[in-house]
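Descriptive analysis of the structure
Residue strings, one per chain:
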Amino acid sequence: MLSRAAIAAGRTPERRLNPILNNKTKVVLGVVIFGAFGVAVEVYVGWGKLLTPWRELAPGTIAMMLVLTGATYGLRTLRLFDYFYADMRGRFGLCLKLMLQHNLWNNLLPMRSGELSFPLLMHRYFQVPVARSVPALVWLRVLDLHSLLALGLAAFGSLWFGWEGSLLVFALWLPIPWLVFKSKGYLVRKLEQYAADRGGRWSALALTLLDSLPNRPRELLRSWARTVLTWILKMGVGAWVLKQFIETGYLAAVAGAIGGDLTGVIPIQGVAGTGTYEAGVVAALLPFGVPSVAALQAAVNLHLYLLGSSLIGGAVSLLIGEGRKPVSGLSLIHISEPTRLRRKSRM
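The rules behind the values
- Residues numbered from 1 in each chain as written.
- Predicted model: local features only at pLDDT ≥ 70, side-chain atom pairs only at ≥ 80, totals over all residues.
- Heavy atoms only, no water.
- Core = buried A, V, L, I, M, F, W, Y, C linked by side-chain atoms within 4.5 Å.
- Buried < 20%, exposed > 50% of the residue type's maximum accessible area, 1.4 Å probe, protein only.
- Helix = DSSP H or I, 4+ residues; strand = E, 2+ residues; numbered from the N terminus.
- Contact = heavy atoms within 4.5 Å.
- Salt bridge = Lys/Arg side-chain N within 4 Å of Asp/Glu carboxyl O.
- Axes fitted to C-alpha atoms, helices over the stretch in contact; angles between N-to-C directions.
- Parallel < 35°, antiparallel > 145°, perpendicular 65-115°, else oblique.
- Left-handed = near helix turned anticlockwise from the far one by under 90°.
- Nonpolar A, V, L, I, M, F, W, Y, C, P; charged D, E, K, R; others polar.

As a further point, take the nonpolar core. Among the nonpolar cores identified, the biggest contains 31 residues, and Val241, Ile258, Val281 and Leu302 are the most heavily contacted of them. Going through the elements one at a time, helix H9 (130–156), helix H14 (217–243), helix H15 (250–262), helix H16 (276–285) and helix H17 (292–317) are the ones with two or more residues in this core. Sorting elements by how many residues they give to this core places H17 first, with eight residues. The residues contacting Val281, other than those within four sequence positions of it, are Leu242, Gly256, Gly259, Gly260, Ala299 and Leu302. If you look at the next biggest cluster of nonpolar residues, it comprises 26 residues, including Leu80, Leu121, Met122 and Ala136.

Take the pattern of salt bridges next. Proximity of charged atoms lets side chains of opposite charge pair with each other. Here the structure, examined in full by the defined rule, presents nine salt bridges. Here Arg141 and Glu115 are joined by a salt bridge, their closest N and O atoms 2.6 Å apart. With Arg141 in helix H9 and Glu115 in the loop between helix H7 (92–108) and helix H8 (117–126), the pair connects residues that are 26 residues apart, well separated along the chain. One salt bridge connects Asp261 with Lys234, and the closest N-O pair in it is separated by 3.2 Å. Of this pair, Asp261 sits in helix H15 while Lys234 sits in helix H14; the two residues are 27 residues apart in sequence, bridging distant segments of the chain. Here Asp261 falls in the buried class, since its relative accessible area comes to 17%.

Attention now moves to the packing of H14 against H15. Contact geometry of H14 with H15 gives a least axis separation of 8 Å together with a crossing angle of 115°. As the angle between them shows, H14 and H15 are arranged roughly perpendicular. As for the relative orientation of H14 and H15, their crossing is right-handed in sense. Counted together, Trp231, Lys234, Met235, Gly236, Gly238, Ala239, Trp240, Leu242 and Lys243 of H14 and Tyr250, Ala253, Val254, Gly256, Ala257, Ile258 and Asp261 of H15 form the full contact between these two elements. In terms of residue class, the contact of H14 with H15 is made up of 10 nonpolar, three polar and three charged.

Moving on, we come to the packing of H15 against H16. Here H15 crosses H16 at 145°, and the two axes come no closer than 7 Å. Like other packed secondary-structure pairs, H15 and H16 cross with a definite hand, here right-handed. Along the contact surface, H15 presents Ala252, Ala253, Ala255, Gly256, Ala257, Gly259, Gly260 and Asp261, while H16 presents Tyr277, Gly280, Val281, Ala284 and Leu285. Looking at side-chain class alone, the contact of H15 with H16 contains eight nonpolar, four polar and one charged residues.

Now the structure itself:
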C-alpha cells in the first residue's frame, strides 16, 4: 500500500490554494457584485434612510453588542490556542492578535481569500508550516459549518421537515463529528486503500483532514464545545442587531443571522461578502413574513456591524505586541515526520 506521503504527493495544501490567488475572474466578479449592490441599495432603499436607525440606538446597547462579539473572538482564540498549545504555550496574547487579524482579512477579502492569511500568520508568529496549519484550518472550518448547520436546523428546520422531521434530522446531524472521530482508524484505512487503487485529490484531502483530528476524546469535546458556544453567541448577537431594524420574532432574527453566515461557502462573492451576505439574510427572513425591503435594510446594517467589529478587532490587534520569537528551523512548507509525531494536538 502506498504511504500517506506518496498519496498526497503533488497535492500539498499550498499547491491547492494557488488557483484561488491567481483567479482574476473571481476578483473582477467580486468587485462587480460589490458595486452593483451599492447602487441597488441606493435605488431601492437609500443609504441615508438605511443608516438612520443607528442614531437612535443607545451607546450602551452598541457597547454591549461589541462586548459580546469580543467574547466570540475570545472563544475562537481559546480554541486555536488549545489546538496548537505546544506551539503557542505562554503566548495567548499573540494568538489573539493572529485571530483578530485573520478574522479581519477573512471578512474584508472576497471569495474567502482571507483564509489564506491564516497559514501566513501562523508561520510569521509561531513558525508553524503550511503542512500543519492548513489541515488544522480545514478541520476548524468543518466544525464551524457543522455547528452553524445544526443551529440552522434548530432555528428553521421545521419549515422544511416539520417539527418531528426537524428533530430527527437534528438528532442524526448532531453526533457526526463524534462518529467521525471514533471511526478515524477505519476511515483512514479505507481511504488509503481507495487512494492507492484509484488516486484522486479528494481522497488525499480527506486523509489530510482526518490526520488533523484531535488525538483524545476530551480534546475533541473541548474544541467542539467552544465552537458551539461561539456560534450560539455570535448568532444571538446577530439576531439582536437585526431586531434593532425590523419588527420580527427572535427565532426569525436568528434564522436571518444564520442565513447570512451560510453564504460564506458560496464560491462567488462580492468584496467583503457584500451582496451575497445580505442575500442570505433576506432569503432566511422572507419565509417568516418579513417584507423584502425591511429585510434588506436590516441585512445591510447587520453586515455593516460585523465589518465594523472586525475593523475594531483589527485595530486592537495592532496594540498587541509580538513578544519573543522562538528559534525554529522549520520552513514555511516542509515539516519532518518526527516533528509531526511530536505535535501535541490539544484542541
